[in-house]
Amino acid sequence: MKIIIGLGNIGSEYVGTRHNFGFFAVEHLANRFDAAWKNKSKFHAEIAEINIDGEKVLFVKPTTFYNLSGTTVRAICDFFNASNDDVLVIHDDMALPTGTLRSRIDGSDAGNNGIKNIIENIGEHFARLRIGSGREQDTNGNTLPDSDHRDFVLSKPTKTELEKIQSILPYIEQTTGDFIAGNFAITSKNI
């Protein structure tokens, strides 16, 4: 079994925001396989299930808020007796420029409260796919965001930023496919 969790916030006011890049990714992946989403309240999540070469794969969108995603991860891992090696978390990362994709295993939360909560629930050892959502430079060379990080991650990307996110979808598919096949590697891709 493989569990692919996209981080985001539920509610129409959060649709299309930078903090929902994880939701966007797992929705795209589920759509590629024509998988239907079902609300699973016992997991505090919406889940789309597929089977690839005999391997059960769950695409997951927690229905908790972003910063409490660990509740969902813990509930699913416990129910399916899944190990951390079976978990891939896809999330936004404002420390990376938009259009950057990085994968890794283990590590700290790097200031991401959703990842922090997952670590509190299952430990540091799990795969991560980080989607750059910020840290662009303005015309004066200042790195953005420079003030309220909450407002930034809950804002919607520009048309150019959305195009960059669209352009990395094939790499998200490839990295996720590698994870499912047991070939997950630490990578970095910039668009």
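About the cut-offs
Residues numbered from 1 in each chain as written. Predicted model: local features only at pLDDT ≥ 70, side-chain atom pairs only at ≥ 80, totals over all residues. Heavy atoms only, no water. Pairing = 2+ DSSP bridges. Helix = DSSP H or I, 4+ residues; strand = E, 2+ residues; numbered from the N terminus. Axes fitted to C-alpha atoms, helices over the stretch in contact; angles between N-to-C directions. Contact = heavy atoms within 4.5 Å. Expected span 1.5 Å × (residues − 1). Buried < 20%, exposed > 50% of the residue type's maximum accessible area, 1.4 Å probe, protein only. pLDDT = per-residue confidence, 0-100.

### A few points about the sheet that holds strand E6 (residues 100–105)
So, point 1. Spatially, 8 strands are ordered E2-E3-E4-E1-E5-E7-E6-E8 in an open sheet, and the strand pairing comes out mixed. The open sheet terminates on both sides in strands that have one partner only, identified here as strand E2 (37–40) and strand E8 (187–190). Each strand of the sheet is rotated relative to its neighbour by a mean of 20°, with strand direction disregarded.
So, point 2. Bridge analysis of E6 against E8 gives 4 bridges, and the strand direction is antiparallel.

### Focus: the side chain of asparagine 9
So, point 1. Within the secondary structure layout, asparagine 9 lies in the loop between strand E1 (2–6) and helix H1 (21–32).
So, point 2. Residues within four places of asparagine 9 in sequence aside, it is in contact with Tyr14, His19, Asn20, Phe23, Phe65, Tyr66 and Leu154.

### Comments concerning H1
So, point 1. Here H1 contains 12 residues, and its C-alpha end-to-end distance of 17 Å stays within 8% of the 16 Å for a straight helix at 1.5 Å per residue.
So, point 2. Every buried residue of H1 is listed here: Phe21, Gly22, Phe23, Ala25, Val26, His28, Leu29 and Ala30.
So, point 3. Looking at the residues trailing H1, positive phi occurs at aspartate 34, about 55°.

### Notes on the confidence of the model for the chain
So, point 1. Taken as a whole, the chain shows an average pLDDT of 90; of its residues, 92% reach a score of 70 or greater.
So, point 2. Across the chain, E1 holds the top mean pLDDT of 98, while E8 sits lowest at 73.

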